[in-house]
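Single-letter residue listing:
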Amino acid sequence: MGTITTNDGTSIFYKDWGPRDAQPIVFHHGWPLSADDWDGQMMFFLNEGYRVIAHDRRGHGRSSQSPTGHEMDTYAADVAALIDALDLRRAVHIGHSTGGGEVARYVARAEPGKVAKAVLVGAVPPIMLRTPDNPGGLPMEVFDGFRAALVANRAQFYRDVPSGPFYGFNRPGAQVSQGVVDNWWRQGMQGAANAHYECIKAFSETDFTEDLKRIDVPVLVAHGTDDQIVPYDDSAPLSVELLQHGRLKSYEGLPHGMLTTHPDVLNPDLLAFVKE
């Protein structure tokens, strides 16, 4: 574990496990979580012999609670600074939810040789918000509701999301894990309220269309069809159409947080793609 300091003085926390000469896999977490959300995948790939890295986005987890920079361009610049500091090449970048947007923005701008492949899991691209060009998106009222709930009672909001739609625990017959809910709450409350508030705009209103078009490495787009946070129809299939070398993997009935609820399904598929 360590930190780097960005050009604007923000401290970015990261984990870096495994052999330094192994192929690196870089994990990008969702809102409002931290690198800890990837522990299951990091342990899986570590045991497969890979070097695994995950960072806390600025304003999240153990990184600085910075007053500015809570938008995708800065998030991607922070990733680039981390990659340069660790001198990573031919890395595989895997992003979940908001982290998938961060991956798209970073990979589209990465220097040649830095990235081998990318994976977008339950990811926000191309754009979540309903617009004239994206009539299937979610209305602004949804995201205004997120902001209002965060300001009114962030601690309660961060229990309601994981105990309900994030992991599909609100579905009939769902087996609720209190530990998973508590871990989501723990990660969320560790971050900064201002950063989480501003990140809602970043993940909902950023248009990644041109980023997806620019990416020239293989990309796996994995998405659960019962994703209640990033609806399937307005995300994964549209992203694949924009990618030069995209592949869609749909998971029937799985939720937004399927990496946590179904690692036995997701992890082997991720490994197979990495090994290709």
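Residues numbered from 1 in each chain as written. Predicted model: local features only at pLDDT ≥ 70, side-chain atom pairs only at ≥ 80, totals over all residues. Heavy atoms only, no water.

Let us now look at the sheet that holds strand β4 (residues 51–55). If you walk across this open sheet you meet the eight strands as β1-β2-β4-β3-β5-β6-β7-β8, and the pairing is mixed. Each edge of the sheet is formed by a strand with only one pairing partner; in this case those strands are β1 (2–5) and β8 (246–251). For this sheet, the mean inter-axis angle between neighbouring strands, taken without regard to orientation, is 20°. Taken together, the four bridges between strand β6 (residues 115–121) and strand β7 (residues 219–224) define a ladder with parallel strand orientation. Paired with Ala 118 across the strands is Val 219, a residue of β7. With respect to the sheet, helix α1 (residues 39–47) is in contact with β2 (11–17), β3 (24–28) and β4, its orientation differing from that of β2 by roughly 40°. (Pairing = 2+ DSSP bridges. Helix = DSSP H or I, 4+ residues; strand = E, 2+ residues; numbered from the N terminus. Axes fitted to C-alpha atoms, helices over the stretch in contact; angles between N-to-C directions. Contact = heavy atoms within 4.5 Å.)

Low-pLDDT stretches of the model should not have their predicted coordinates read in fine detail. Mean pLDDT over the chain works out to 98, with 100% of the residues at or above the 70 mark. By mean pLDDT, the top-scoring element of the chain is β3 (99), and the lowest-scoring one is β1 (97). (pLDDT = per-residue confidence, 0-100.)

The terminal C-alpha atoms of helix α5 (residues 178–190) lie 18 Å apart, and with 13 residues this matches the ideal 18 Å at 1.5 Å per residue to within 8%. If you check which residues of α5 are buried, you get Val 180, Val 181, Trp 184, Gln 187 and Gly 188. Around the axis of α5, the buried residues are gathered within 130° of arc, so they sit on the same side. On its buried face, α5 sits against α4 (140–166), α6 (193–205) and α9 (258–261). (Expected span 1.5 Å × (residues − 1). Buried < 20%, exposed > 50% of the residue type's maximum accessible area, 1.4 Å probe, protein only. Arc of directions from axis to C-beta.)

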